[in-house]
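Chain residues, written in single-letter form:
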Amino acid sequence: MGRLEGKVAIVTGAASTMGIGFATAHLFAREGARVLLTDIKGDVVAMRAQSLRDAGFAASATAHDVTLQYDWGRVRDHVLTEHGRIDILVNNAGIALPGGIGEATLDDWNRHLAVNLTSAFLGCQMAVRQMRAQGGGGAIVNISSSAGLSAFANLAAYCASKGGVRLLTKAAALDVAAEGIRINSVHPGHLDTDMIAGARAVAPAMVAAMEANVPMTFLGVPDDAAAMILFLASDEARYITGAEFVVDGGLTAK
Ligand SMILES: NC(=O)c1ccc[n+]([C@@H]2O[C@H](COP(=O)([O-])OP(=O)(O)OC[C@H]3O[C@@H](n4cnc5c(N)ncnc54)[C@H](O)[C@@H]3O)[C@@H](O)[C@H]2O)c1
């Protein structure tokens, strides 16, 4: 028996092979969930779902802009048509653009809030309404960041948006705790994703400095975050809600 046997899950931002979303969708599928992968890159996320089906898992995909309320309605209809219910939502899609408070543009600010924070509001609301209609129960995991717990220079809008995800998670969790719907946040530190691979090629000293700043002295990988997300999505976390979980090699312990 898998840890998510019989569950239906949605994972947003799942197009990147080296990203947290796809790692999570893959792990969920291995643990028996039927998974809908979504991303603004519709063609790419369709290929990711195909790769899971080729491996014998139950997965499908749809294009999805997490900033648009009507798109969330479309995603709900898609998953209900395919599977008839929603048990798990992972709000993972996100962006991170550098910008200090003196330099960031209003457009950058608004984009961070829309993609990283408004998306979590819209996703939680859609999932909560559907889980209520099913009679209650369910798990939502919002992906924040170590930058949602402590500040990083040159990332003002990103930090603000991820800090917002942390408290949205707690407030929403209180609203639905008595209905058996659990909402938690995960806060990854520096993970070795596509972005870091690119930086390693052009600025190896910068990446080495990032690694040296991590108490465990190495960068994590998407599967490190996925393992935590799996735990929170599963019934093993049945008494856990409104809580924050760091996966950061000790970065925020300092
Ligand atoms: N990688 C890290 O070190 C790290 C650290 C802390 C937090 N995070 C968070 O983890 C999450 C996943 O990050 P990742 O590193 O896997 O990055 P990633 O870029 O691989 O994944 C993000 C995905 O979101 C998608 N996306 C962007 N805008 C969208 C929109 N409007 N609608 C739908 N999809 C959209 C992108 O196409 C991409 O596939 C993000 O929320 C990020 O902030 C990552």
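Residues numbered from 1 in each chain as written. Predicted model: local features only at pLDDT ≥ 70, side-chain atom pairs only at ≥ 80, totals over all residues.

Examining the site of the ligand
Taken together, the neighbourhood of the ligand is formed by 27 residues, with Gly-13, Ser-16, Gly-19, Ala-93 and Gly-94 sitting nearest. Here the shell around the ligand is composed, by residue class, of eleven nonpolar, twelve polar and four charged. (Near = placed C-beta within 6 Å. Nonpolar A, V, L, I, M, F, W, Y, C, P; charged D, E, K, R; others polar.)

Structural notes on the environment of Ala-25
Here Ala-25 is to be found in helix α1 (residues 20-30). In this structure, the C-alpha to C-alpha distance between Ala-25 and Ile-196, residues 171 residues apart in sequence, is 21 Å. Each residue touching Ala-25, except ones within four places of it in the same chain, is listed here: Val-11, Ala-14, Val-35, Leu-37, Leu-52 and Ala-59. (Helix = DSSP H or I, 4+ residues; strand = E, 2+ residues; numbered from the N terminus. Contact = placed C-beta atoms within 7 Å.)

Some thoughts on the packing of helix α4 (residues 106-133) against helix α5 (residues 156-176)
Two elements in contact, α4 and α5, have axes separated by 9 Å at closest approach and are oriented at 15 degrees. One finds that α4 runs roughly parallel with respect to α5. The interaxial crossing formed by α4 with α5 has right-handed handedness. Facing α4, whose interface residues are Asp-108, Trp-109, His-112, Leu-113, Asn-116, Leu-117, Ala-120, Phe-121, Cys-124 and Val-128, α5 presents Ala-157, Tyr-158, Ser-161, Lys-162, Gly-164, Val-165, Leu-168, Ala-172 and Val-176. (Axes fitted to C-alpha atoms, helices over the stretch in contact; angles between N-to-C directions. Parallel < 35°, antiparallel > 145°, perpendicular 65-115°, else oblique. Left-handed = near helix turned anticlockwise from the far one by under 90°.)

Quick notes on the pairing of strand β3 (residues 59-63)
Pairing analysis gives five bridges linking strand β2 (residues 34-39) to β3, with the strands arranged parallel. The partner of Thr-38 across the bridge, within β3, is Thr-62. Crossover handedness for the path β2 to helix α2 (residues 42-54) to β3: right-handed. (Pairing = 2+ DSSP bridges. Right-handed = clockwise from strand over helix to strand, strands pointing away.)

Notes on the pairing of strand β1 (residues 8-12)
Of all the five residues making up β1, five are buried; the element is thus mostly covered by neighbouring parts of the structure. The alternating pattern of β1 places Val-8, Ile-10 and Thr-12 and Ala-9 and Val-11 on opposite faces, both of which are buried. With five bridges connecting them, β1 and β2 associate as parallel partners. Bridge assignment links Val-8 to a residue of β2, and that residue is Arg-34. In this fold, β1 hands off to α1, which returns the chain to β2; that crossover is right-handed. The pairing of β1 with strand β4 (residues 88-91) spans three bridges and is classified as parallel. When the sheet's bridge partners are listed, Val-11 is paired in β4 with Val-90. (Buried ≥ 20, exposed ≤ 12 C-beta atoms within 10 Å, placed from the backbone.)

Structural notes on the environment of Thr-252
Tracing the backbone shows Thr-252 in the segment after β7 (244-247). Here Thr-252 is in contact with Ser-146, Leu-149, Ser-150 and Val-246, once residues within four sequence places are set aside.

Re the nonpolar core
Counting 56 residues, the largest nonpolar core has Ala-9, Ala-25, Phe-28, Val-35 and Leu-37 as the members making the most contacts within it. Excluding residues within four positions of it along the chain, Val-35 makes contact with Ala-9, Val-11, Ala-25, Phe-28, Ala-29, Ala-58 and Ala-59. Counting residues in each nonpolar core, the second largest holds six residues, with Ala-147, Ala-156, Ala-157 and Tyr-158 among its members. (Core = buried A, V, L, I, M, F, W, Y, C linked by C-beta atoms within 7 Å.)

What about the sheet that holds strand β6 (residues 181-188)?
Strands sit in the order β3-β2-β1-β4-β5-β6-β7 across an open sheet of seven strands; the sheet is parallel. Each edge of the open sheet carries a strand with a single partner, namely β3 and β7. Neighbour to neighbour, the strand axes of the sheet diverge by 20 degrees on average, direction disregarded.

Some details on the packing of helix α3 (residues 69-83) against α4
Between α3 and α4, the shortest axis-to-axis distance is 10 Å and the interhelical angle comes to 40 degrees. Taken together, the axes of α3 and α4 are oblique relative to one another. Between α3 and α4 lies a crossing whose hand is right-handed. From α3, Gln-69, Trp-72 and Arg-76 reach across to α4, where they touch Leu-122, Gly-123, Met-126 and Gln-130. For the contact of α3 with α4, the per-class residue count stands at three nonpolar, three polar and one charged.

Concerning α5
Along its 21 residues, α5 runs 31 Å from first to last C-alpha, staying within 8% of the 30 Å computed at 1.5 Å per residue. Listing the buried residues of α5 in full gives Ala-156, Ala-157, Tyr-158, Cys-159, Ser-161, Lys-162, Val-165, Leu-168, Thr-169, Ala-172, Ala-173 and Val-176. On the buried face of α5, the contacting elements are α4, β5 (138-143) and β6. (Expected span 1.5 Å × (residues − 1).)

Points about unusual backbone geometry
Glycine aside, residues mostly have negative phi, and peptide bonds are mostly found in the trans state. Despite not being glycine, Asn-154 has its phi angle at roughly 70 degrees, a positive value. Looking at the secondary structure, you find Asn-154 in the loop between β5 and α5. According to the C-beta neighbour criterion, Asn-154 is partly exposed, with 13 such atoms within 10 Å.

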